[in-house]
Amino acid sequence: MAAITLENVSRHFGAVAAVDNVNLNVEAGEFVTLLGPSGCGKTTTLRMVAGLEQNTGGRIGIDGQIVSDAQAKFFMPPERRMLGMVFQSYAIWPHMTVFDNVAYPLRIRRRPANEIQDRVKGALRLVEMENYADRPAPALSGGQQQRVAIARALVFEPRVLLLDEPLSNLDARLRTQTGDEFRSLQKRLGITSLYVTHDQSEAMALSDRVVVMHSGHILQIGSPEDIYRHPTSRGVAAFFGSPNFLPSQVTHCTQQANGSFMLTLDGPGWTGPCGCSSAQPLGAQVVVMIRSENMGVSTNGTATAADAMTWNGQVVQSIFRGTHRSLIVETPAGRLNIDVPAVTNPENGSTVTVVADRQAAWATPA
Amino acid sequence: MTDDTAGALRSSSTPTSKLGGVDNVGFRLARYFTGRDALVLALIAILGFLAVYPLTMLFYGSLHSTPPGMAGEFNLDGYRSIMTASNVIVLLNTIGISLGKTVPSLLMAVFLAWIIARTDTPYRDKLEVLITLPFFVPPILTAMAWGMLGNPQVGLLNQVWKWATGSTVSPINVYSYGGVIWHQVQYSTPFLFLFIVDIFRAMDPALEESSRMCGASRWRTFRNITLMLMLPALTNSFILSFIRGIENFESPLFFGTPAKITVITTEIYNSINHRATPDYQYATALSFAIMALMFLLVIWQWYVLRGRTFSTVTGKGYAPNVMKLGPWKWVTFGFCVLFFFITVILPIGQLAIGSFFKFFGFYSRDMFTFEHYTAVFSNSEIWRGFWNTMILGLAGATATMFLGSIVAYVSIRTRWRGRRLIDALAWLPWMMPGMVLGIGFLWAFAMLPGPIPIYGTIWALMLAYMALGTPVSVRVMSSAYAQLSYDLEECSRVHGATFFQTLWRILIALAWPSFAVGWVLAFFGIMRELSASILLYSVGSEVLSVVLLRLWSNGQAEQVSVIGLFMMLLVIVFRWAQLRFIKSRISTL
């Protein structure tokens, strides 16, 4: 049974649609991330699930129970939806201790004192904050506040956990660490989570599935790998990193067993087969996406795989980035961004052969 | 590409179960909405009665030929009669005096705020408390004290001058333009200081540091960055202070009237109280004219501030740049102490001295007496005024703050329909000087149907005080709510608390220090109020300020000194309690 169901959900502010006709199913125990640039409607979607905003169209269900139906004018206030939520600012109440903050959802529900004691201690142990229970909330660091906010959201075992950019106020190192910890906690507890972020690497690392949103619409839903490697549109492809796009023309199109399509393309300096999510008519213009880390260079004409795509070109820029080196090579297919191992260091102006693995190429409608 | 969710949702909710759920909650929603509408309507009714009704009656009265409650005809005689050459001078006096006091006050306030917020002057925290104290002292007290200090014949300052120099001329005469302005400067400076010091503190030091890094000197940075960033706030403070100058009643009454200097407020007062037959139509028409002037000023304020964001004022706690003054820090320290000495110690000292001598101005040993104390304590009228003031202060401040809290909540924390109207209504009395509101209420109470006898009772004063206090209480509570992020409330809702549980456990729990601060402000506001009280009191409902004024006009300056001393004591106790208990509570948050 789906833990969260959005059915044609819309949110209009006057004539502007912040969220437009969104459909989404989150399965029980799943970790789903809403990803998109600011203003894409991801936070509004989350807030509509929380009941902090009212959807102007469509229906929202949690655990199979309808919590909001715009047409039937039915709206369940947030406090009756049995959710846990972590806010971007953490929203730790400054007039309470850590213990009081975490105990709040239980006290509101009038649980007996000994149960509150046990469950708060348990929740604080989960986030390794049990030694801070009596601290006043403002005396915590950002990372500690974040842990308290998670403990508070988990303490009464909510049906669904909502998270609104919970890592964005932490510094980079802490962000990765906290994110990984939270993901393993989520897997251990098996709690359904809906997560909002604008950070692609965060979305990839944490999620079972990623929902890419743009200006109120869902562009694509899929596993992180699927979305990264097989985008359905150029917008989704461009959202992750800065891939190379090669304009090409379709000369042939067949459906594959897995539902995707195999095109035969005629592009600048190469021809051959390439995968695509949708059927393309013959003669249509498409762009082929190849990510920079899937390209390499060969300086002395060493053997390359027989079906690899190759172009000859001149190195015009070379930047050492520590983990790798970023090259820009001027080729007949245009300027290509290529990430090579840091030890590979072709001189500026030297002629190289650019090699791309055909498996890494993916076509999207132009 | 989207999931096919329709099937899942349909299977999870059979038509019957869905209908049941919708009906249930639909019913509850309907009840909730009517409760909300009832609250909005009640607020509109209360605020309408406090602000729109007296304003409407003021307009009605300005066209009505006879005093409130008497049969008469409608004509434009009132407006005709205020178009005189002498009233042009009254208008120029009003504007000139207000400008004359606002400019030096603003300069002094900026200087003092800079000393307190941005220099290493010793004992800054203590000095801040001392500098702001004059703001809390009822102006009628310092007016009387300065009347005794600066009296051209027997004033203490003149006596000291003559004794020290052997000269026979009195250098100081408070019964002059200078006296009127000087008395107002004492109040405007701490009032403006309170605004400006927070702006100095809230400014992100990086804004100034980056200017220094660009090669600007400290002084250049102050001029080009600090002052420019503060400019919107300074302009706003300037206009606010100017408006308060026009509303001012005590200073021109005490120092202007004896010198035949008349401003609009005293002209209104005189036309009702100091003529053989009170000319209500004239007074009402004049009140309406001053309202028009205030309206223009408010429009100007709105125009100046439009689109300005006080983005430098983030409410975030920055550690501001502190300038090391070296030995100069004792000069700035001395300046602050001098300000405190002149605005607080001198008047209190005068009241203390005055209270112990038979006649003020004759300070010799054989004149020493306690008779004024016994006279005051055995005077039942004074006691009645004291209790009336206390009851009105406690009840009025409480009622005002409750109203202000609800109005502020509705207008800034909700998106309810009608919230803008409520906000505008609550703000309307801000434009009405106490004198004008007093006249408006005179008419308003007289026009009420018979079974509601408010006029002549203590309720008349209570309602006027609530109207006058509401704009400030709304402002205090608005800024308190604005500092609390919505997340704090929403988080509580998501974790299971209802609207009212959230209100109590989160919002009130976090905003009560501001409530207490606003309460004390409202209480002081009521204790010092004179201009509306003087019009609305009647025998039995006198308040202390009215009793003081009557004693003063009867020439009993010595008894006035006794009462004044006790009022001062009250002010200091309240202010101390406020700083001791409320500030310490806020700082732990």
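Residues numbered from 1 in each chain as written. Chains lettered and ligands numbered in written order. Predicted model: local features only at pLDDT ≥ 70, side-chain atom pairs only at ≥ 80, totals over all residues. Heavy atoms only, no water.

**A few points about the overall build of chain B**
- The secondary structure content of chain B amounts to 24 helices and zero strands.
- The proportion of buried residues among the 589 residues of chain B is 51%.
- A separation threshold of at least 6 residues defines the contact pool for chain B, and within that pool the share at least 24 residues apart is 78%. (Helix = DSSP H or I, 4+ residues; strand = E, 2+ residues; numbered from the N terminus. Buried < 20%, exposed > 50% of the residue type's maximum accessible area, 1.4 Å probe, protein only. Contact = heavy atoms within 4.5 Å.)

**Some points on the overall build of chain A**
- Within chain A, the regular secondary structure consists of eight helices and 21 strands.
- When the backbone C-alpha atoms are referred to their principal axes, chain A occupies close to 75 × 50 × 40 Å.
- Each of the 366 residues in chain A was classed as buried or not, and the buried ones make up 55%.
- Nonlocal contacts in chain A, meaning residues at least 24 apart in sequence, comprise 64% of its contacts between residues at least 6 apart.
- For chain A, the accessible surface area stands at approximately 15200 Å², while carbon and sulfur atoms represent 49% of it.
- The distance from the centre of the 31 positive side-chain charges to the centre of the 32 negative ones in chain A is 6 Å. (Areas by Shrake-Rupley, 256 points an atom, 1.4 Å probe, with all protein chains shown as cover. Lys, Arg positive; Asp, Glu negative; His and termini not counted. Charge placed at Lys NZ, Arg CZ, Asp CG, Glu CD.)

**Concerning the sheet that holds strand β21 (residues 362–365) of chain A**
Residues and elements named next belong to chain A.
- Reading around the barrel, the five strands line up as β12-β13-β14-β21-β15 and close back on themselves, with mixed pairing between neighbours. Along the sheet, successive strands turn relative to each other by an average axial angle of 50°, direction set aside.
- Bridging between strand β12 (residues 244–255) and strand β13 (residues 261–267) involves six bridges; their strand directions are antiparallel. Bridging from a neighbouring strand, Q255 pairs with F261 of β13. (Pairing = 2+ DSSP bridges. Axes fitted to C-alpha atoms, helices over the stretch in contact; angles between N-to-C directions.)

**Focus: the packing of aromatic side chains**
Residues and elements named next belong to chain B.
- Scanning the model with the defined rule gives 37 aromatic pairs over all chains in all.
- When the centroid spacing of 6.5 Å and the interplanar angle of 75° are considered together, the rings of Y373 and F566 count as edge-to-face. Taken together, the residues Y373 in helix α15 (residues 371–377) and F566 in helix α24 (residues 557–588) connect sequence positions 193 residues apart.
- Given the relative accessible area of 38%, F566 is considered partly exposed. (Phe/Tyr/Trp six-rings, centres within 6.5 Å; stacked < 30°, edge-to-face > 60°.)

**Regarding the domain arrangement of chain B**
All names here are of chain B.
- When the domains of chain B are assigned, the result is domain 1 (39–50 + 370–589) and domain 2 (76–189 + 222–308 + 331–368).
- Just the C-alpha atoms count here: the centres of domain 1 and domain 2 sit 23 Å apart.
- Facing the 39 residues of domain 1 at the interface are 45 residues of domain 2.
- Together, the buried faces of domain 1 and domain 2 total about 4000 Å²; carbon and sulfur atoms form 79% of this surface. (Domains from an automatic or database assignment. Buried area = accessible area lost by both parts, 1.4 Å probe.)

**Section: the nonpolar core**
- Counting 204 residues, the largest nonpolar core has L162(A), L194(A), I196(B), F200(B) and F441(B) as its most contacted members.
- Looking at this core, the element that brings in the most residues is helix α19 (residues 458–483) of chain B, giving 13 residues.
- If near-sequence neighbours (up to four positions away) are discounted, L194(A) is found in contact with I4(A), V26(A), V32(A), L34(A), L46(A), V49(A), L161(A), L162(A) and L163(A). (Core = buried A, V, L, I, M, F, W, Y, C linked by side-chain atoms within 4.5 Å.)

**Overview of the pattern of salt bridges**
- For the structure shown, the criterion picks out 20 salt bridges over all chains.
- In this structure, E542(B) engages R550(B) in a salt bridge whose closest nitrogen and oxygen atoms are separated by 3.5 Å.
- One salt-bridge network, in which partners are shared between bridges, spans R11(A), R47(A), E53(A) and E490(B). (Salt bridge = Lys/Arg side-chain N within 4 Å of Asp/Glu carboxyl O.)

**Section: the pairing of strand β5 (residues 65–69) of chain A**
All names here are of chain A.
- For β5, the buried fraction is high: four of the five residues fall into the buried class.
- Relative to β5, strand β4 (residues 57–62) runs antiparallel, the two sharing four bridges. Directly across from R59, in β5, lies its bridge partner D69.
- Count of turn residues in the β4/β5 antiparallel hairpin: two residues, of which D63 carries a positive phi of about 55°.
- By the bridge criterion, two bridges tie β5 to strand β6 (residues 74–75) in an arrangement that is antiparallel. Opposite D69, over in β6, you have F74 as the bridge partner.
- What sits between β5 and β6 in their antiparallel hairpin is a turn of four residues, with K73 showing a positive phi close to 50°.

**Details of the domain arrangement of chain A**
All names here are of chain A.
- Annotation of chain A at the domain level lists domain 1 (2–234) and domain 2 (235–365).
- If you average the C-alpha positions of domain 1 and of domain 2, the two centres end up 38 Å apart.
- Listed as interface residues are 17 residues of domain 1 and, on the opposing side, 17 residues of domain 2.
- Taken together, both faces of the contact between domain 1 and domain 2 bury some 1500 Å²; the carbon and sulfur share is 65%.
- Broken down residue by residue, the surface that domain 1 buries against domain 2 is led by Y228, P231 and R234, which jointly contribute 46%.

**Some thoughts on a nonpolar patch on the surface**
Residue and element names in this part refer to chain B.
- Together, F377, W383, W387, I391, F566, L569 and V573 give the surface a local cluster of nonpolar side chains, amounting to about 710 Å² of exposed area.
- Listing elements by their share of the nonpolar patch, those giving two or more residues are α16 (380–413) and α24.
- If you trace the backbone, I391 turns up in helix α16. (Patch = residues over 30% accessible without salt bridge, like charges linked within 9 Å, V, L, I, M, F, W, Y side chains within 5 Å.)

**As for the sheet that holds strand β8 (residues 160–164) of chain A**
All names here are of chain A.
- Pairing within the open sheet is mixed, and its six strands lie in the order β7-β8-β9-β3-β10-β11. Of all the strands in the sheet, just β7 (83–86) and β11 (217–222) have a single pairing partner and so form its edges. In this sheet, neighbouring strand axes are inclined to one another by 20° on average, regardless of whether the strands run parallel or antiparallel.
- Sheet strands touched by helix α4 (residues 142–154): β7 and β8. Its angle to β7, the strand with the most contacts, is close to 170°.

**Remarks on the side chain of E165(A)**
Residue and element names in this part refer to chain A.
- The topology assignment puts E165 in the loop between β8 and α5 (172–189).
- Within the local environment of E165, its side chain forms a polar contact with the side chain of H198, the two groups lying 2.9 Å apart.
- Those residues in contact with E165, other than ones at most four positions away along the chain, are K42, Q88, V196, T197 and H198. (Polar contact = N/O pair within 3.5 Å; in protein donor to acceptor, adjacent residues only side chain to side chain.)

**Structural notes on the environment of Y90(A)**
Residues and elements named next belong to chain A.
- Mapped onto the elements of the fold, Y90 is located in the loop between β7 and α2 (98–108).
- For Y90, a relative accessible area of 4% translates into the label buried.
- Placed 53 residues apart in sequence, Y90 and G143 show a C-alpha to C-alpha distance of 9.9 Å.
- Other than its neighbours up to four places away in sequence, Y90 contacts G142, Q145, Q146, A149, R152, P166, N169 and L170.

**Focus on the packing of α19(B) against helix α21 (residues 499–528) of chain B**
All names here are of chain B.
- Their axes nearest at 9 Å, the elements α19 and α21 cross at an angle of 150°. Taken together, the axes of α19 and α21 lie roughly antiparallel to each other. Judged by the sense of rotation from one axis to the other, the crossing of α19 with α21 is right-handed. Touching Y465, V472, V476, M477, A480 and Y481 of α19 are L507, A511, S514, F515, G518, L521 and I526, all from α21.
- A per-class count over the contact of α19 with α21 returns 11 nonpolar, two polar and no charged. (Parallel < 35°, antiparallel > 145°, perpendicular 65-115°, else oblique. Left-handed = near helix turned anticlockwise from the far one by under 90°. Nonpolar A, V, L, I, M, F, W, Y, C, P; charged D, E, K, R; others polar.)

**Focus: unusual backbone geometry**
- The residue K73(A) is not glycine, and still its phi comes out positive at about 50°.
- Mapped onto the elements, K73(A) comes out in the loop between β5 and β6.
- On the basis of relative accessibility, which here comes to 67%, the residue K73(A) falls in the exposed class.
- At Y123(B), a residue that is not glycine, the phi angle is positive and equals roughly 55°.
- Note that Y123(B) resides in the loop between α4 (85–118) and α5 (124–136).

**A word on helix α3 (residues 113–126) of chain A**
Residue and element names in this part refer to chain A.
- Here α3 spans 20 Å end to end across 14 residues, near enough to the 20 Å set by a 1.5 Å rise per residue.
- Within α3 the residues assigned to the buried category are E115, I116, V120, A123 and L124. Looking down the long axis of α3, one finds its buried residues gathered within 150° of arc, a one-sided arrangement. Relative to its buried face, α3 has exposed residues pointing more than 90 degrees away, namely N114, D118 and R125.
- Residues of α3 that are buried make contact with α2 and α4.
- In the stretch just after α3, E128 is the one whose phi turns positive, near 55°. (Expected span 1.5 Å × (residues − 1). Arc of directions from axis to C-beta.)

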